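# Structural description and commentary
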Amino acid sequence: MRSAIIMAAGKGTRMYSDLPKVLHKVANKTMVDNILDSLHEIHVDQVVTVVGYGSQMVMDTVKDRCQYAIQSEQLGTAHAVMQASQLKHLQGETLVINGDCPCISSSTLNMLLEEALENDMVVLTTKLDDPKAYGRIVRNPEGYVDRIVEFKDCNEEEARIQEINTGIYCFKNEVLFKYLDYVKNDNAQQEYYITDLVRILKEHGLKVKAVLTDNQEEVQGINNKVELAMANAYKRRLINEQFMLEGVTMLDPMHTYIDADVTFGKDCIVYPNVVIEGKCHIGDGSVLLPNCFIKDSHIGANSVIDSSRITDSEVGSNVHIGPNSHLRNGCKIADEVRIGNYVELKNTTLGYNTKCAHLTYIGDSVVGSKVNFGCGVVTVNYDGKHKHQTIIKDGAFIGSNVNLIAPVSVGENAVCAAGSTITENVEDGAMAISRAYQINKPEYGNRYKNK
Ligand code: UD1
Ligand code: CA
């Protein structure tokens, strides 16, 4: 049986935020979700997250990804672990992880679980040039770990130690819960430290091992926004490297922000300042030019998106979008469509090879194939109270600056003359023109100018 406890009850005072620390995001996922992802990869049977400060907010965000234990008063990390009473009588190995350590990988956690088969307690350590306020690892002359001393309890010599506690441990579960009761709070912070278990277990003749990693970025704890930014940079780098190794071309991976769960086809090219969030797929050969924001959307093959925002939408193949267009609320765009500059589409379907190249708003509409929109077409879908639908059939031609007052429909191959305000349905093959006749007044122009 493999279990894990995530300690996430602290406030994170140094974040200066109303959000509990573990809900701050690294690579667009909360810290605690990042840890849960790593745990799920290695099939840990039971995970308990210890919550306290902002507990409801944490549980509402993380939902049913794990079990919870409430620590109503934050009396220290050993006290936090004690709250996970669900795990009390289990056999096997239990990981204990600081909730503010979001970059920890599944392979490192797996290594600790394996080490715990041979040991009663394993603690993950690293060496830092500046060991800051981390707990110091004190080793005996033979090189085995003796105890962990919290920074605030260090004497001068201990404070100089560069090997630090990462706050990630693995225990034999029975040992953990038996000896937690031995931890006292007679220290500088009057807290129950989980780190005391090193000394306590050794005093009882149990086996404790400190495993050193040289990947400092992976094990860094997040206590402030500077460390949060560093963790983001590290995680983004790993994600982007993985995408590139799988064949995505990135012009500037340092300025590319893609969620780990996004998928790409072959030969995609991503320009700088592209953000892709949530559940997205980018099809073979598609190119994302600079400054795109794409969320929860599917892009087909060989499409080009230029400086545009696309959310909750499906885009076909060989589509060109942008620059500066906005698709939202469930748009469905068929193949070979051209959506040009400054076009907004909402809850709209565009059929095969339809074109709306300039300055157009189409909302709540069903548009067929090979329809052409001139510049500045507006579907007037909102009467101040309700939204109404516009239907435009295959092959229709909508001239520039046409207003379509919904609900309204335009038939197959029908034409709406430029500048018309369309209030009545237009039948198949007809032309609708609705605008005032033009009167030219000779010499009026000259007279006006000479006034
Ligand atoms: C802890 C370690 C320290 C280690 C460092 C690594 C202890 C006593 N010290 O110090 O040796 O170098 O992590 O980052 O463990 N938490 C609770 N309940 C509590 C207290 C803390 O859930 O009562 C949680 C926090 O939310 C946080 C984690 O435990 O996610 C660590 O707590 P924090 O206060 O950040 O410990 P550090 O002082 O960093
Ligand atoms: Ca910390």
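Residues numbered from 1 in each chain as written. Chains lettered and ligands numbered in written order. Predicted model: local features only at pLDDT ≥ 70, side-chain atom pairs only at ≥ 80, totals over all residues. Heavy atoms only, no water.

### Examining the side chain of Gln71
- Tracing the chain through its elements places Gln71 in the loop between strand E5 (67-70) and helix H3 (77-82).
- Assessed through its relative accessible area of 2%, Gln71 is described here as buried.
- Filtering out sequence-adjacent residues up to four positions away, Gln71 remains in contact with Ala9, Val50, Val51, Gly52, Gly76, His79, Ala80 and Gln83. (Helix = DSSP H or I, 4+ residues; strand = E, 2+ residues; numbered from the N terminus. Buried < 20%, exposed > 50% of the residue type's maximum accessible area, 1.4 Å probe, protein only. Contact = heavy atoms within 4.5 Å.)

### Some words on the sheet that holds strand E14 (residues 263-264)
- Strand order in the open sheet formed by 9 strands is E14-E17-E20-E23-E26-E28-E30-E33-E36, and the pairing between neighbours is parallel. With partners counted over all chains shown, the strands left at the sheet margins are E14 and strand E36 (408-410), one partner each.
- Both strand E17 (residues 281-282) and strand E20 (residues 298-299) contribute to a ladder of 2 bridges, which runs parallel. In the strand pairing of E20, Ile282 is matched with Ile299. (Pairing = 2+ DSSP bridges.)

### Details of the domain arrangement of the protein chain
- Under the domain assignment used here, the protein chain contains domain 1 (2-212) and domain 2 (225-432).
- On a C-alpha basis, the centroid separation for the pair domain 1 and domain 2 is 46 Å.
- Contacts between the two partners involve 13 residues from domain 1 and, on the opposite side, 12 residues from domain 2.
- When domain 1 packs against domain 2, close to 1,100 Å² is buried across both sides, 52% of that on carbon and sulfur atoms.
- When the area that domain 1 buries against domain 2 is broken down by residue, the three leading residues are Ala27, Asn28 and Cys103, summing to 45%.
- Summed over the shared surface of domain 1 and domain 2, the result is 2 salt bridges.
- One salt bridge connects Glu227 with Lys132, and the closest N-O pair in it is separated by 3.0 Å.
- Listing elements by their share of the side of domain 1 that touches domain 2, those giving two or more residues are strand E2 (25-26) and helix H1 (31-41).
- Along the lines of polarity and charge, the residues of the side of domain 1 that touches domain 2 split into 6 nonpolar, 4 polar and 3 charged. (Domains from an automatic or database assignment. Buried area = accessible area lost by both parts, 1.4 Å probe. Salt bridge = Lys/Arg side-chain N within 4 Å of Asp/Glu carboxyl O. Nonpolar A, V, L, I, M, F, W, Y, C, P; charged D, E, K, R; others polar.)

### Quick word on the pattern of salt bridges
- Counted by the stated rule, this structure contains 15 salt bridges.
- A salt bridge links Glu217 to Arg237; its shortest N-O distance comes to 3.4 Å. Within this pair, whereas Glu217 is found in helix H8 (residues 216-219), its partner Arg237 is found in helix H9 (residues 225-245), the two being separated by 20 residues in sequence.
- Exposure remark for Glu217: the relative accessible area of 33% places this residue in the partly exposed category.
- Look at the salt bridges and you will find they share partners, linking Lys29, Asp33, Asp37, Arg65 and Asp261 into a network.

### Quick notes on the pairing of strand E16 (residues 274-277)
- Sheet analysis places strand E13 (residues 256-258) next to E16, joined by 3 bridges and oriented parallel. Counterpart to Thr256 in the pairing with E16 is Val274.
- Pairing analysis gives 3 bridges linking E16 to strand E19 (residues 293-295), with the strands arranged parallel. Within E19, the position partnered with Val275 by the bridge is Phe293.

### Let's talk about the environment of Thr13
- The residue Thr13 is located in the loop between strand E1 (2-8) and E2 in this model.
- The exposed category is assigned to Thr13, whose relative accessible area is 56%.

### A few points about the environment of Asn28
- Following the sequence through the fold, Asn28 ends up in the loop between E2 and strand E3 (29-30).
- Owing to a relative accessible area of 23%, Asn28 belongs among the partly exposed residues under this scheme.
- Sequence spacing of Asn28 and Phe373 is 345 residues, and the spatial spacing of their C-alpha atoms is 38 Å.
- A polar contact is formed between the side chain of Asn28 and the side chain of Asp259, at a distance of 2.9 Å. (Polar contact = N/O pair within 3.5 Å; in protein donor to acceptor, adjacent residues only side chain to side chain.)

### Observations concerning the site of ligand 1
- The immediate surroundings of ligand 1 are formed by 24 residues, with Gly10, Gln71, Thr77, Glu150 and Asn165 found nearest.
- Gly135 places a polar main-chain atom, nitrogen or oxygen, 2.9 Å from an oxygen atom of ligand 1.
- Here ligand 1, which alone exposes 750 Å², has 87% of that area covered by the protein.
- Mapped by element, the contributors of at least two residues to the shell around ligand 1 are E1, H3 and strand E10 (163-172).
- The element contributing the most residues to the shell around ligand 1 is E10, with 3 residues. (Near = heavy atom within 4 Å. Areas by Shrake-Rupley, 256 points an atom, 1.4 Å probe, with all protein chains shown as cover.)

### What to know about the coordination of the calcium ion (ligand 2)
- Protein coordination at the calcium ion (ligand 2) comes from Asp100 (OD) and Asn223 (OD1), with a distance range of 2.5 to 2.7 Å. On the criterion of sequence distance, the pair formed by Asp100 in the loop between strand E6 (93-98) and helix H4 (106-118) and Asn223 in the loop between H8 and H9 is long-range, its members being 123 residues apart. With respect to burial, Asp100 and Asn223 carry one shared label: buried. (Donors = N, O, S within 2.8 Å, 3.2 Å for Na, K, Ca; no water.)

### Overview of unusual backbone geometry
- Look at the link from Gly322 to Pro323: it is a cis peptide, with omega at 5°.
- Within the fold, Pro323 resides in the loop between strand E24 (320-321) and strand E25 (326-328).
- In the Ramachandran plot, Tyr16 falls in the positive-phi region, its phi being about 45° despite a non-glycine side chain.
- Tracing the sequence through the fold places Tyr16 in the loop between E1 and E2.
- Phi is positive for Asp364, which is not a glycine, with a value near 50°.
- Looking at where Asp364 falls in the secondary structure, it is placed in the loop between strand E29 (355-363) and strand E30 (365-367).

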